[in-house]
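Descriptive structure summary
In case you want the letters, here they are:
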Amino acid sequence: MSEKPGSPAVEGGSRESGEELTLEARLQRLEEIVTALEAGDVELERGLRLFEEGIRHIRTSERLISRAELRVEELTGEEEGTRTEPLGMDAQQ
């Protein structure tokens with residue numbers, strides 16, 4: 001298997017651990033990682049590093065989303081007499 005140097009899906013660079021990344025940037029990076037791993041042309045060690053990076057982005061993204069949900073609940077909560085509910089599969093259908 002061979003890596004493709006310079007490919008955004010393979011090169012993580014300084015983006016791997018940057019806490020300053022936005023949610024959108026993290027999701028884009030996750031797409032790149034998934035594409036690289038699914039292509040199957042990444043060597044084992046690099047694949048493991050990409051997988052670890054992906055897990056970090058997922059965990060941080062979950063925290064960012066949770067904080068945003070809390071802010072929305074605070075802003076729309078009791079003041080307007082509204083109640084927020086988590087989005088589920090039923091809401092998307």
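Residues numbered from 1 in each chain as written. Predicted model: local features only at pLDDT ≥ 70, side-chain atom pairs only at ≥ 80, totals over all residues. Heavy atoms only, no water.

When pLDDT is averaged along the protein chain, the result is 78; 62% of the residues meet or exceed 70. Looking across the protein chain, the model is least confident in helix H3 (residues 89-92), with a mean pLDDT of 52, and most confident in helix H1 (residues 23-39), with 96. (pLDDT = per-residue confidence, 0-100. Helix = DSSP H or I, 4+ residues; strand = E, 2+ residues; numbered from the N terminus.)

Between H1 and helix H2 (residues 44-76), the least distance of the axes is 9 Å, while the angle of their chain directions is 150°. As summarised for this structure, H1 and H2 are arranged roughly antiparallel, according to the angle between their axes. In this structure, the crossing between H1 and H2 has a hand that is left-handed. Across from Leu 23, Arg 26, Arg 29, Leu 30, Ile 33, Ala 36 and Leu 37 in H1, the residues of H2 making contact are Arg 46, Gly 47, Leu 50, Phe 51, Glu 53, Gly 54, His 57, Ile 58, Thr 60, Ser 61, Leu 64 and Ile 65. (Axes fitted to C-alpha atoms, helices over the stretch in contact; angles between N-to-C directions. Parallel < 35°, antiparallel > 145°, perpendicular 65-115°, else oblique. Left-handed = near helix turned anticlockwise from the far one by under 90°. Contact = heavy atoms within 4.5 Å.)

Glancing now at H2. The terminal C-alpha atoms of H2, which comprises 33 residues, lie 47 Å apart, in line with the 48 Å expected from a rise of 1.5 Å per residue. Within the span of H2, buried status applies to Arg 46, Gly 47, Leu 50, Glu 53, Gly 54, His 57, Thr 60 and Ser 61. (Expected span 1.5 Å × (residues − 1). Buried < 20%, exposed > 50% of the residue type's maximum accessible area, 1.4 Å probe, protein only.)

Checked against the element boundaries, Arg 29 lands in helix H1. As a C-alpha pair, Arg 29 and Gly 54 span 25 residues in sequence and 7.9 Å in three-dimensional space.

With that settled, consider H1. For H1, spanning 17 residues, the distance from its first C-alpha to its last is 24 Å, which sits close to the expected 24 Å at 1.5 Å a residue. For H1, every residue scored as buried is listed here: Arg 26, Arg 29, Leu 30, Glu 32, Ile 33 and Ala 36. Taken end-on, H1 shows its buried residues confined to a sector of 160°, consistent with a single buried face. Turned more than 90 degrees away from the buried face of H1, the exposed residues are Glu 24, Glu 31, Glu 38 and Ala 39. Each element contacted by the buried residues of H1 is listed here: H2. (Arc of directions from axis to C-beta.)

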